[in-house]
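Structural features, examined
The primary structure of each chain is shown beneath.
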Amino acid sequence: MKNRTRNFAILMAIVLLAAGIWAAVGSPVVSQVRLPTTSRALLRPDADDDREEGEGYLADGDEDEGEFEDDDDYGGGGGILGNLATLAAIVVGALLFIRVATHIRQNLRRKAPEADEAP
Amino acid sequence: MAAKKTSNRTLNNLILDTGLLGALLIGLSPEATGLAIHEWLGISFGGAISLHLLLHWQWVVQVTKRFFGRLVGQARLNYLLNSILFMDVALIIFSGVMISEVAIPGLGVGSRGLWLDLHEAAADASLALVGLHLALHWKWILNAGKRYFVNPALSLLSFERKQSRQTVPVYIERDESR
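Our subject in this report is the structure included herewith. (Residues numbered from 1 in each chain as written. Chains lettered and ligands numbered in written order. Predicted model: local features only at pLDDT ≥ 70, side-chain atom pairs only at ≥ 80, totals over all residues. Heavy atoms only, no water.)

Looking only at helices and strands, one finds seven helices and zero strands in chain B. Moving toward the C terminus, one meets the helices and strands of chain B in the order α-α-α-α-α-α-α. For chain B, long-range pairs separated by at least 24 residues make up 65% of all intrachain contacts whose partners lie at least 6 apart in sequence. Of the roughly 11800 Å² of accessible surface on chain B, 66% is carried by carbon and sulfur atoms. (Helix = DSSP H or I, 4+ residues; strand = E, 2+ residues; numbered from the N terminus. Contact = heavy atoms within 4.5 Å. Areas by Shrake-Rupley, 256 points an atom, 1.4 Å probe, with all protein chains shown as cover.)

Residues and elements named next belong to chain B. Enumeration according to the criterion identifies four aromatic pairs over all chains in this entry. Pairing F67 with F68 gives two aromatic rings, centres 5.1 Å apart and planes at 90°, and the pair type is edge-to-face. In this structure F68 comes out as exposed when scored by relative accessible area, which is 81%. Between F94 and W115, the ring centres sit 5.4 Å apart and the planes meet at 75°, which makes this aromatic pair edge-to-face. Of this pair, F94 sits in helix α5 (residues 73-98) while W115 sits in helix α6 (residues 112-136); the two residues are 21 residues apart in sequence, bridging distant segments of the chain. (Phe/Tyr/Trp six-rings, centres within 6.5 Å; stacked < 30°, edge-to-face > 60°. Buried < 20%, exposed > 50% of the residue type's maximum accessible area, 1.4 Å probe, protein only.)

Residue and element names in this part refer to chain B. Among the secondary structure elements, T10 is positioned in helix α1 (residues 2-27). In sequence terms T10 and A144 are 134 residues apart; their C-alpha atoms lie 7.2 Å from each other. Those residues in contact with T10 that lie beyond four places of it in its chain are W140, A144 and Y148.

What follows covers the nonpolar core. Grouped together as the largest cluster of nonpolar side chains are 19 residues, with contacts concentrated most on L87(A), F45(B) and V130(B). A total of six residues in this core trace back to one element, the largest contributor, which is α6(B). Beyond its immediate stretch of four places on either side in the chain, F45(B) contacts L20(B), A23(B), L24(B) and V89(B). Counting residues in each nonpolar core, the second largest holds five residues, with F67(B), L71(B), A75(B) and Y79(B) among its members. (Core = buried A, V, L, I, M, F, W, Y, C linked by side-chain atoms within 4.5 Å.)

Residue and element names in this part refer to chain B. Interhelical geometry of α5 versus α6 gives an angle of 150° and a closest axis separation of 8 Å. The orientation of α5 with respect to α6, classified from their angle, is roughly antiparallel. As for the relative orientation of α5 and α6, their crossing is left-handed in sense. (Axes fitted to C-alpha atoms, helices over the stretch in contact; angles between N-to-C directions. Parallel < 35°, antiparallel > 145°, perpendicular 65-115°, else oblique. Left-handed = near helix turned anticlockwise from the far one by under 90°.)

Glancing now at the side chain of N13(B). Considering the arrangement of structural elements, one finds N13(B) in helix α1. By relative accessible area, N13(B) is classed as buried at 8%.

Residues and elements named next belong to chain B. Where helix α3 (residues 35-55) meets α5, the axes come as close as 10 Å, and the angle between the chain directions of the two elements is 155°. Relative to α5, the element α3 lies roughly antiparallel. For the pair α3 and α5, the sense of crossing is left-handed. Every residue of α5 that contacts α3 at G42, F45, G46, I49 and L53 is listed here: F86, V89 and I93. A per-class count over the contact of α3 with α5 returns six nonpolar, two polar and no charged. (Nonpolar A, V, L, I, M, F, W, Y, C, P; charged D, E, K, R; others polar.)

Here is the structure:
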């Protein structure tokens, strides 16, 4: 039973890790979701934004304050829903991790007295 | 009386935290809102975060005092995560003020590109940190949300259903001519 739990936890960790790598590198679904600017630069060097140094959200000489020249001028963002989806994914991942960690910890605690009893 | 005070505090916290979460999600999408809303929302967010911190000030003081002493592991983890989150939000707001183009223009000092890079990196990190913050407080969120949002909505629905089933008295006039 305990071995089965441990195996389940290891399997879950591997699946989560694989899902995380897949989501970051090339999932067509998750590519719509907000990907951190730094991760995007590392994982997809071709997707670098073409912002010049010193250039902000607005292109130079743009008179319409508060308007974006082009979506590409700003490096990141998958919109509000994209942010929400990313946040939900992080929360679910963290909750799963906490659950598995608690499970392992409880099993280790249960296992400890047995080890003491052994001759 | 004390229970009512706690209940009010929970409701206040829930409303403020829901607002903060909504503001964060909207604030992280400047391409959707436009720069003016993004900047003013960011400045208001700073004020709301200060209020959030003040509402939990007692917890901060207690955990700071006992951090190296006897303390539950989860509280220590919470404290560390919250400290990082606080520094991250402070960095977002400060760098945001430095690169402001609409709300506080002309305050920027030093390299604008550097502030912008810092602002973006801190904003990306904030999403992950807030996700972890929510996960660590998930039980409280579920309980408070159920108590103040879900249950009232359900009771409202059932009240309407009961009302629609209510029997209406019908008067039948006796035909006297018979």
